[in-house]
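# Report on the structure
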Amino acid sequence: DIQMTQSPSTLSASVGDRVTITCRASQRISSLLAWYQQKPGKAPKLLIYDASSLQSGVPSRFSGSGSGTDFTLTISSLQPDDFATYYCQQYDTYGAWTFGQGTKVEI
Amino acid sequence: QVQLVESGGGVVQPERSLRLSCAASGFTFRNYAMHWVRQAPGKGLEWVAAISYSGSDKYYADSVKGRFTFSRDNSKNTLYLQMDSLRPEDTAVYYCVRAKLGARSFDSWGQGTLVTVSS
């Protein structure tokens, strides 16, 4: 199975900061990668799909980039509502979707 | 709007069975592949199983293969996850999830149902 490794595991930031989260795949996955946001006690929410496509309704301060094995999620100006845990997910291998371990963005 | 409502969770002893259901509404259910994703307490997300829009193709994580069975009834807009031979490590919140059309990411999630496997 393809392993997904996120860094950092925890990130401390302030409102207004530019934040970058990295996700690395154990093998090439083209651009078949998504990013999700999860708040405590809630279901995850899709932010980015196909590495760089913004899901409908998601604020434009979120962006994704990368291809092959290295990907990033960037929040251009962190807002109070953005403090959450973020997960990457690969879907290159049909039948074996895998998530990263998560990155917690805290104050 | 899209709604996915899971039910059937609870406390069950090891080696027993449980069946989860997911009622879908607000979209053309028969057109979408669907998934189950779980999250153990305080842990990350783990994909569990997938089913094609017709129900003809099914995929399972190695951790549940041979023990869990995923099915759907397109006439009732409902998914089912039959979980047999449950283990303590199956304890998690189970989410019913819709696959995004034209992509394989997950664009709609239910609120989740908690399964606790304990003696």
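Report on the accompanying structure. (Residues numbered from 1 in each chain as written. Chains lettered and ligands numbered in written order. Predicted model: local features only at pLDDT ≥ 70, side-chain atom pairs only at ≥ 80, totals over all residues. Heavy atoms only, no water.)

### Some words on the overall build of chain B
Filter applied, for reference: Put simply, DSSP H or I for four residues or longer makes a helix, DSSP E for two residues or longer makes a strand, and each gets a number counted from the N terminus. Radius of gyration: C-alpha atoms only; globule rule: 2.2 Å multiplied by the number of residues to the exponent 0.38. Only protein chains enter the accessibility calculation, which uses a 1.4 Å probe. A residue is then buried if its area is under 20% of the maximum for its type, exposed if over 50%, and partly exposed in between. We call two residues contacting when some pair of their heavy atoms lies within 4.5 Å. Surface exposure here means Shrake-Rupley accessible area, sampled with a 1.4 Å probe, where a residue is shielded only by the protein chains that are shown. In this tally, Lys and Arg are treated as positive and Asp and Glu as negative; His is ignored, and so are the chain termini. Taken as the charge centre is NZ of Lys, CZ of Arg, CG of Asp or CD of Glu, depending on the residue.
Regarding its fold elements, chain B presents 0 helices and 11 strands. Secondary structure elements in chain B, listed N-terminal to C-terminal, are β-β-β-β-β-β-β-β-β-β-β. Whereas a compact globule of 119 residues would reach a radius of gyration of roughly 14 Å, chain B reaches 13 Å, a difference of no more than 12%. Of all 119 residues assigned to chain B, the portion counted as buried reaches 50%. Within chain B, contacts between residues separated by at least 24 positions form 53% of all contacts whose residues are at least 6 apart in sequence. Of the roughly 5400 Å² of accessible surface on chain B, a fraction of 44% belongs to carbon and sulfur atoms. Where the 14 positive side-chain charges of chain B centre and where its 10 negative ones centre are 5 Å apart.

### Side note on the nonpolar core
Residues and elements named next belong to chain B. Here is the rule: What is meant by a nonpolar core is a set of buried Ala, Val, Leu, Ile, Met, Phe, Trp, Tyr and Cys residues, joined one to another through side-chain atoms within 4.5 Å.
Counting 45 residues, the largest nonpolar core has Trp36 and Tyr94 as the members making the most contacts within it. A per-element tally of this core places strand 5 (residues 45-51) first, with 6 residues. In this structure Tyr94 touches Glu6, Leu20, Trp36, Val37, Arg38, Val48, Phe68, Leu81, Met83, Gly112, Thr113 and Val115, once residues within four positions along its chain are discounted.

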